[in-house]
Amino acid sequence: MPGTPSPSPSTASAHGHGPELSAPRLRRRRPNRVRPTAPPASAPAPPRRAGVALVASLLGFTVITIDVSAVNIALPAIRYSLNGGMAGQQWVVDAYTLMFAALMLSAGAIADRAGARRAYAWGVALFTLTSLGCALAPGIGVLVAARLAQGGAAAVVMPASLALIRHAYEDAQKRARAIALWTVGGSVAMAAGPVLGGLLTESAGWRAVFLLNLPVGAVILGLLVRVPRSPRRPAALDSGGQLTAVLALAGLTFAVIEGGRLGWTSLPVLIAAVLAVASGFAFRVVESRHLQPVVPLAMLRVRQVSVPLAVGFAVNAAFYGGIFLLGLYYQQLRGMSGIAAGLMFVPMSAVVTATNLLSPRLSERIGRRPVIVAGQLVFTAAMLAMLPLTARTPVWLVLLLLLPLSTGGALAVPALTALLIDAVPGERAGTASGLLNSLRQTGGALAVALFGSLLSGPGGGFSLPGMRLCLLAVATLLLATATLSRLLLPHD
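Residues numbered from 1 in each chain as written. Predicted model: local features only at pLDDT ≥ 70, side-chain atom pairs only at ≥ 80, totals over all residues. Heavy atoms only, no water.

**Observations concerning the packing of helix α13 (residues 368–385) against helix α15 (residues 403–422)**
Piece 1. Put simply, α13 and α15 touch, their axes get as near as 7 Å, and they point 150° apart. What the angle tells us is that α13 and α15 run roughly antiparallel. In this structure, the crossing between α13 and α15 has a hand that is left-handed. Contacts between α13 and α15 involve Arg368, Val371, Ile372, Gly375, Val378, Phe379, Ala382 and Met383 from the former and Pro404, Leu405, Thr407, Gly408, Gly409, Leu411, Ala412, Ala415, Leu416, Ala418, Leu419 and Asp422 from the latter.
Piece 2. Per-class residue counts for the contact of α13 with α15 are 14 nonpolar, four polar and two charged. (Axes fitted to C-alpha atoms, helices over the stretch in contact; angles between N-to-C directions. Helix = DSSP H or I, 4+ residues; strand = E, 2+ residues; numbered from the N terminus. Parallel < 35°, antiparallel > 145°, perpendicular 65-115°, else oblique. Left-handed = near helix turned anticlockwise from the far one by under 90°. Contact = heavy atoms within 4.5 Å. Nonpolar A, V, L, I, M, F, W, Y, C, P; charged D, E, K, R; others polar.)

**A few points about helix α17 (residues 464–488)**
Piece 1. Between its first and last C-alpha, α17 extends 36 Å over 25 residues, near the 36 Å set by a 1.5 Å rise per residue.
Piece 2. For α17, the complete set of buried residues consists of Leu464, Gly466, Met467, Cys470, Leu471, Val474, Ala475, Leu478, Thr481, Ala482 and Ser485.
Piece 3. Capping of α17 at its N-terminal end is provided by Ser463; its side-chain oxygen lies 3.2 Å from the backbone amide nitrogen of Gly466. (Expected span 1.5 Å × (residues − 1). Buried < 20%, exposed > 50% of the residue type's maximum accessible area, 1.4 Å probe, protein only. Polar contact = N/O pair within 3.5 Å; in protein donor to acceptor, adjacent residues only side chain to side chain.)

**Section: the side chain of Thr65**
Piece 1. Its place among the elements puts Thr65 in helix α1 (residues 47–82).
Piece 2. Beyond its immediate stretch of four places on either side in the chain, Thr65 contacts Gly186, Ala189 and Met190.

**Quick word on the nonpolar core**
Piece 1. Core analysis: the biggest nonpolar cluster contains 91 residues, and Leu143, Tyr330, Phe379, Met383 and Met467 have the highest contact counts within it.
Piece 2. In terms of residues, this core owes the most to one element, helix α10 (residues 303–333), which gives 15 residues.
Piece 3. The residues touching Met383, leaving out its near neighbours within four places in the chain, are Ala318, Leu405, Leu471, Val474, Ala475 and Leu478.
Piece 4. In terms of nonpolar packing, the next biggest core, distinct from the first, is built from 40 residues, Ala50, Ala53, Met104 and Val157 among them. (Core = buried A, V, L, I, M, F, W, Y, C linked by side-chain atoms within 4.5 Å.)

**Quick look at the packing of aromatic side chains**
Piece 1. For the coordinates displayed, the defined rule picks out six aromatic pairs.
Piece 2. Measuring from ring centre to ring centre gives 6.0 Å for Tyr96 and Phe100, while their planes differ by 85°; the resulting arrangement is edge-to-face. Of this pair, Tyr96 and Phe100 both sit in helix α2 (residues 85–114), four residues apart, roughly one helical turn.
Piece 3. Aromatic pair Tyr330 and Phe345: ring centres 5.6 Å apart, planes at 75°, arrangement edge-to-face. Remark: Phe345 occurs in the loop between α11 (338–343) and α12 (346–366) and Tyr330 occurs in helix α10; sequence separation between them is 15 residues. Side by side, Tyr330 and Phe345 carry an identical accessibility label, which is buried.
Piece 4. Ring pairing ties together the aromatic residues Tyr329, Tyr330 and Phe345, which thus form one cluster. (Phe/Tyr/Trp six-rings, centres within 6.5 Å; stacked < 30°, edge-to-face > 60°.)

Structure below.
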């Protein structure tokens with residue numbers, strides 16, 4: 001689905017960082033002693049423990065996915081409680097997505113070096129603690145800071161959860177079924193998130209959205225005690241590339257969000273813009289000189305890689321930007337309750353899940369390029385179809401107009417992911433998957449940043465002209481990437 005990270009198909013690990021096998025250490029011979037032999041760390045887990053590993057992985061992926069969509073519904077309540085304004089609402093969403101996107105580049109290497117189980121436990125523990133920090137935040141600044149840390153933890157949880165499944169299931173067929181369940185769990189979580197967010201916000205307040213993560217985190221950590229240790233593999237960490245990527249994304253996001261509030265020529269915005277450009281240039285220099293860069297620049301010169309990355313960016317910008325717009329439209333313009341607004345997303349999420357399952361079959365029948373192009377064109381039509389929305393548009397018509405939004409990205413993403421993975425060597429599959437996920441999250445973060453700046457009306461509230469400008473902007477982007485896909489992608 002558009003909001004669900006794409007799984008990595010790497011056979012060595014779930015990420016593809018580092019060599020496939022680690023070199024054994026040389027040791028002096030010692031006299032043989034009779035000791036019970038323990039199974040090696042990389043031995044396949046017994047069926048019962050493999051099931052425990054799958055449940056633990058599924059719970060973690062579900063909770064970090066729910067957190068995205070549930071918080072969107074809680075934004076008006078957060079604004080009322082903490083007086084954050086439109087910019088504050090943007091930062092609550094983007095602080096999480098920004099760190100998720102940037103640290104995704106190195107998260108696979110972290111899981112390889114620490115071992116999937118240990119990295120997953122660290123990520124879940126940090127995500128749980130930062131969720132508590134979000135729930136107890138006394139002001140918008142503390143909440144945004146906690147969301148930054150929470151996004152960093154989620155970046156570790158996502159790839160480590162896949163690696164945990166990879167190590168638990170040695171049989172390829174069983175592993176494929178387990179990953180399919182993992183993916184469906186993300187789709188269900190995206191559908192349940194808005195409803196759950198609305199229900200918790202209305203009944204117990206917005207802080208309950210974050211407190212829900214505490215018992216889930218405790219259950220996951222309890223399950224991990226029964227999961228065998230995962231092997232560690234040497235994997236280089238490109239700290240320079242990672243740091244410059246974070247600075248570039250942070251500077252760009254700050255400039256776009258605060259530009260609408262402080263003015264595009266204000267000193268803080270100009271400084272942030274210069275930081276983004278300088279860090280982007282430094283990133284390119286660092287990556288060109290690093291032996292094992294987080295983003296191999298040569299990979300980006302391949303059309304079957306660069307075009308799917310651009311499409312993934314555009315599709316997530318439309319999807320996450322659309323969710324952000326609709327959440328505010330339902331509550332601030334139409335006056336819906338949080339529960340009612342959440343329920344409005346259920347039909348859309350159900351269609352996304354069904355279309356995700358249909359996309360691979362269509363790709364086999366008519367080819368990947370037509371499916372990718374058609375998905376973007378449908379998504380473009382969805383943005384244009386929402387232009388006539390007003391506060392008095394019948395609810396049934398709103399739901400009908402959202403059907404193209406449900407279908408477009410869900411058609412394109414599975415096909416472009418498969419095309420991208422087939423275009424790179426097997427040892428680079430994890431790197432390509434991580435890069436795709438990172439750019440998709442970046443597209444969502446920048447869309448929320450830009451939309452919030454364009455959306456603000458008098459007094460910082462929701463405005464229909466601003467909403468229409470957002471829809472036209474993202475429709476233009478989708479039309480551009482659809483044209484690139486049609487011209488540059490090869491025939492199947």
